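Secondary and tertiary structure notes
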Amino acid sequence: MNYMAVLVTGGAGYIGSHTCIELLESGYDVIIADNLCNSHKVVVDRIKELSGHKPKFYEIDIVDKNALELVFKENKIDSIIHFAALKAVGQSVSMPVEYYTNNLINTLNLFEMMKKYNVNKFVFSSSATVYGEPHTCPILEEFPLSVTNPYGRTKLMIEDMLRDICYANKDLDVAILRYFNPIGAHKSGRIGEEPNGIPNNIMPYITKVAIGQLPYVNVFGDDYNTHDGTGVRDYIHVLDLAHGHVKALKKLEENPGLVTYNLGTGKGYSVLDLVKAFSKASGKEIPYKITDRRAGDIATCYADPTKAEKELGWKAKYSIEEMCKDSWKWQSQNPNGYTTEVLTK
């Protein structure tokens, strides 16, 4: 049988690794390109362990066009899922040049290779941040787009590029997936979110407090116009998100041209709601401190995921309780993340 080969950039990362497992279990061949700037090589072994199939792995930075071209020369690639990006909102405000350089150049390199090697299927990892400060929630795909930080601007610029490229080339089939807030981990507890350094995302921060590696959770602002003053987000289980990518890839086989979907649950939870849910799931008290708002953050953001359900047959199925339970299983089984195993190899 001839399997479809998918190039997954950033495939050793948090969302990428869970998606690679889902792809391999669905019968796709997977090629990972990752510079490991925010991930670990041991993840590739765990993807094989959990899926029963080994992905092909290139430790490269796709900003390096020559290194990227080698991947296209050595493999017959049918489609691309593009995760590789710097992704911390706060960091992007203080490091805009690094964000523009990395996120835009690596994507332009991919577009060039797609053209050269005749790859016409592309799934882009976008973000709900492209909606800026939405006037109402839930958020529909047709809402006006604007951004409040450089990270979001790179996502919106790439979306705009894709719209222009698809207009010029009718042979391209592209799915733009706007994620809301992925949390949770694989049910096995073998892979999960393990950022390098102090986490920028809320869930790994909470889990590090729960195992005693950080003293308390910083809650950025309690004066937002929400039910408890803290920011409200649409938290989605990473397994639901991974499943959404396989559904999007299957959609591209129908030659739809350019399609855009929200991947979220349609429910909003505040930071304090999440802290309480995690405390309940883990049986641990989670101390927190209210601190100043973060630059670029907004009050409320949750999806209307109806379009993805209608057109992809996809719907988020995991509850906030399960997201917290799986995050805790990952962290409690791997208190030092992937580091312990890396050191013993």
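Here the residue index of a chain counts from 1 through its sequence in written order. This being a predicted model, a pLDDT of at least 70 is required before a residue's local features are given, and a value of 80 or more before pairs of side-chain atoms are given or counted; all residues contribute to the totals for chains, interfaces and linings. Side-chain measures here rest on the full set of heavy atoms in the structure, leaving out hydrogens and waters.

1. Notes on the domain arrangement of the chain
The test is simple: In this document the domain limits rely on a domain assignment from an automatic tool or a database. Residues are treated as being in contact if the distance between any of their heavy atoms lies within 4.5 Å. Put simply, buried area is how much 1.4 Å-probe accessible surface two parts lose in total, over both of them, once they are put together. For this document, the term salt bridge refers to a Lys or Arg side-chain nitrogen within 4 Å of an Asp or Glu carboxyl oxygen. For the purposes of these results, a polar contact is taken to be a pair of N or O atoms within 3.5 Å, where, inside protein, one atom must be able to donate a hydrogen and its partner to accept one; residues adjacent in sequence count only when each atom of the pair is a side-chain atom.
As assigned here, the chain comprises domain 1 (5–184 + 235–263) and domain 2 (202–233 + 267–333). Taking only C-alpha atoms into account, the centre of domain 1 sits 23 Å from that of domain 2. If you look at the interface, domain 1 gives 32 residues, while domain 2 gives 35 residues. For the domain 1 and domain 2 pair, buried surface summed over both sides reaches about 2800 Å², with 65% attributable to carbon and sulfur atoms. Between domain 1 and domain 2 we count zero salt bridges in total. The interface formed by domain 1 and domain 2 contains 11 residue pairs in polar contact (both at pLDDT 80 or more).

2. Considering the packing of aromatic side chains
Heads up, the condition is: Note on ring pairs: Phe, Tyr and Trp rings are taken, using the six-membered ring of Trp, and paired if centres are within 6.5 Å. Classes follow the plane angle, with under 30 degrees stacked, over 60 edge-to-face and the rest tilted. Strands are runs of DSSP state E lasting at least two residues, helices are runs of H or I lasting at least four, and both sets are numbered from the N terminus onward. Relative accessibility thresholds used throughout: buried, under 20% of the residue-type maximum; exposed, over 50%; partly exposed, between the two (1.4 Å probe, protein chains only).
Under the counting rule described, the total for this entry stands at five aromatic pairs. Geometrically, the ring pair formed by F278 and W328 is edge-to-face, given 5.9 Å between the ring centres and 90° between the ring planes. Of this pair, F278 sits in helix α9 (residues 271–282) while W328 sits in helix α11 (residues 320–333); the two residues are 50 residues apart in sequence, bridging distant segments of the chain. Assessed through its relative accessible area of 16%, W328 is described here as buried. Both rings, one in W330 and one in Y338, keep their centres 4.9 Å apart while their planes meet at 45°; by these two values the pair is tilted.

3. Topic: the pattern of salt bridges
Tallying each qualifying case throughout the model produces 13 salt bridges. We note a salt bridge from K187 to E322, for which the minimum N-O separation is 3.9 Å. In this pair, K187 is assigned in the loop between β7 (181–183) and α7 (202–210) and E322 in helix α11, connecting sequence segments 135 residues apart. For E322, a relative accessible area of 27% gives the class partly exposed.

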